[in-house]
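Here is what each chain is made of, one letter per residue.
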Amino acid sequence: MTRTWQAAPSVGHPLTRIEGLDKVTGRARYAGDVPLPGLVHGWVVPATIPCGRVLNLDVEATLAMPGVLAVLHQENAPRLTDIGEGTLFLFQGDRVAHWGAPVALVIADTPERAREAAERMRVDYLPEPPDTVFRPDHPGLYQPEFVNPHNETVTEKGDVEAALAAAAVVVDASYRTPAQHNNAMEPHSTTASWADGRVTVHTSTQYPYAWSRSLAKLFGFAPGTVRVRSEHVGGGFGNKGNPPRPESALAVMAATLVGRPVRVTLTRPQLWPLTGYRTPTAQRLRLGADPDGRLVAVEHRASVQTSRLVEFTEQVAIYSRPMYAADHLRTSHRVVALDVPTPRWMRAPGEAPGSFGLESAMDELAEACGLDPIELRLRNDPTEDPTSGLPFSSRRLAECLRVGADRFGWADRDPRPAVRRDGRWWRGTGVAGAHYPARTVATTAHATALPGDGFEVRVAAADIGTGARTALTQLAADALEVPVTEVRVLVGDSDFGPAQGAGGSTGTASWSWPVVTACRDLAHRLASGEPVPPKGLTSTFDSADAVAARGDFARYGFGAQFAEVAVDVATGEVRVRRLTGVFAVGRVVNPLTARSQLIGGMTMGLSTALLEESIMDGRFGDYVNHNLADYHVATNADVGELDVAFVDDPDDELNPSGVKGLGEIGIVGVPAAIANAVWHATGVRQRDLPITPARAAL
């Protein structure tokens, strides 16, 4: 057998997406596109009270409607195992935990008939007084055992109170961020079908393998009974992370009940109560510094909300733990359980809202000390993790700030606020630092040399639009020393074995290790003359032992965000003229898709700063702007010039490929940079998001 060998590497080159043509021509199939014979449709009947009990469901009248096959509800639903995930413990009792919670599922031969029957179904309730409004002085706030994802709730080093009392300069300020919803382009959809004793779940998920295990445990199935497939995902932003979302459990329930394939697709308004959101936050920052601006004390307190179904505590204050040097450092969290839907992961959970607090407070400290905001950050750049004391595997925040300052033209900045005007626009610039954890999680991958030419790589990864499939193809091709055209990477199938999902910026950093190792082993076997059998020659690698054997380091990616804004003198309208982001994120596998990820994150940060806010009606526990007409996100007209650059950041302490995740760091720090720029333009501090015209004009 003759194989083609390639000398020129692919990694580092801007390869266009492998699946790009399939997506733009409609050949790519998403979860709601999979055709199956005998397919029927399930439609959620949502609760219309925020708290109470279901007294009666008019099932008989619903079953009499055209095309209705069954109604799934608490009296006929399969009995589930309590796996500690209340959002999936569906139809196991009569309690209503929040507005929009499923109280029944109508199954019909068409989605139109299922929807009509679900909307006409009569439900009688016994409502109870709800508690739905988050506030920082809520009497129900408490300190949880841990914050996501199993971080310490409180960390304390030194004597913060004494250091603040002795500090020459003190900043003490409170910051608020609202609830926000992920709003991926593709809504949640799951199709479940039974065959040969297994249920195949075609769904839109960031975690195929983890979902298969969770669903099997939930239903009490034997291991291997549930196969999850998710070849293409139309965005997630954490909203399709682990644990599974309710529509997947409902589809399996319904398919089990009716013995036919069942598809459950959620409407855009149904996503609001059922699939998660970013919790509102209330933060208090206290910074103390000496006369030269060197920090002596940092305190970051954060309060958030969760539901009564699951304690989900966003890790807001952990952003302050590794960011700036201080001998006295305290971070803490409190959470309150309300009659509201359960918050979940949303892009850069913890770091996105937490950076708004700390990076805004740092700007206020720079003003109080009479220092340039970049110089203040450089003076407080630590040589080791301020909380753990561990050395950083790499830390190039200072380089990001300096390179960004040069690209942005920071040296010409007049530090005085409210002195630059261009016609009816105040002009200003701002800066913020950024970091995000760099993690690697154990994963298994398989590399197969096919008879004839070509290779196939299989890993239960998820490509949620990030270009992961393309990056893995490049890494595999280089490890095999062949052109990328000879490699086919298959993802999105739980049958490929244990794998980390696409979340927490862990994807490529986790998948690359076993993919590259398996491919190198396969290349060595081929070079040694090992024959390729008719079914192919396969090498498999599980990175679990290798990941566990790594040394102790503080591992992060770092960045610097710069913003220029214009603020209308009369109306307070804020326009972001340009953003510059400079990032140290390990080895960049594909600069084209990497840039795409970062400008997407920066745009989402702009959207967070100026537009996004989920508005709760406290009477009903319902987010009233639960659609893309009323929930505003940044569009082309809102986004000015975007500039992205990388600094060299080799980091072999994370994984052999030196890859760090970069899907989330792009959003971190952007809202603070914009808020700081608005202050520079107007002289008015912005401590609450979003920065609406009413707030900017104050």
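Scroll up to find the structure.
These numbers were taken from a predicted model, which means no experiment stands behind them.

1. A few points about the sheet that holds strand β5 (residues 102-108)
The strand order β3-β5-β1-β14-β11-β12-β13 describes an open sheet built from seven strands, whose pairing is mixed. With partners counted over all chains shown, the strands left at the sheet margins are β3 (68-72) and β13 (226-229), one partner each. Ignoring which end each strand starts from, the neighbouring axes of this sheet average 25° apart. Bridging between strand β11 (residues 189-195) and strand β14 (residues 262-265) involves four bridges; their strand directions are antiparallel. Bridge assignment links Thr 190 to a residue of β14, and that residue is Val 264.

2. Focus: the sheet that holds strand β2 (residues 52-57)
With respect to topology, three strands assemble into an open sheet ordered β4-β2-β6, the strand pairing being antiparallel. Each having just a single partner strand, β4 (95-96) and β6 (123-127) make up the two edges of the open sheet. One ladder, built from two bridges, connects β2 with β4; its direction is antiparallel. Following the sheet pairing, Arg 53 is matched in β4 by Arg 95.

3. Here's the deal with the nonpolar core
Judged by nonpolar contacts, the single largest core of 81 residues is most densely connected at Leu 287, Leu 365, Val 565, Ile 674 and Ile 691. Apart from residues lying up to four places away in sequence, Val 565 is in contact with Trp 426, Arg 427, Gly 428, Val 574, Arg 575, Val 576, Arg 577, Ile 674, Ala 677, Val 678 and Ala 681. Of all hydrophobic cores here, the second largest spans 40 residues; its members include Val 11, Ala 460, Val 515 and Leu 526.

4. Re the packing of aromatic side chains
Counting across every chain of the model gives 13 aromatic pairs. Ring geometry for Phe 219 and Phe 221: centres 5.3 Å apart, planes at 10°, overall stacked. When its relative accessible area of 22% is taken as the criterion, Phe 221 is described as partly exposed. Between the aromatic rings of Phe 408 and Trp 410, the centroid separation amounts to 6.3 Å while the plane-to-plane angle is 40°, which identifies the pairing as tilted. When its relative accessible area of 6% is taken as the criterion, Trp 410 is described as buried. An aromatic cluster is defined as three or more aromatic residues linked by ring pairs; in this entry it consists of Trp 194, Phe 219 and Phe 221.

Parameters and conventions
- Residues numbered from 1 in each chain as written.
- Predicted model: local features only at pLDDT ≥ 70, side-chain atom pairs only at ≥ 80, totals over all residues.
- Heavy atoms only, no water.
- Pairing = 2+ DSSP bridges.
- Helix = DSSP H or I, 4+ residues; strand = E, 2+ residues; numbered from the N terminus.
- Axes fitted to C-alpha atoms, helices over the stretch in contact; angles between N-to-C directions.
- Core = buried A, V, L, I, M, F, W, Y, C linked by side-chain atoms within 4.5 Å.
- Buried < 20%, exposed > 50% of the residue type's maximum accessible area, 1.4 Å probe, protein only.
- Contact = heavy atoms within 4.5 Å.
- Phe/Tyr/Trp six-rings, centres within 6.5 Å; stacked < 30°, edge-to-face > 60°.

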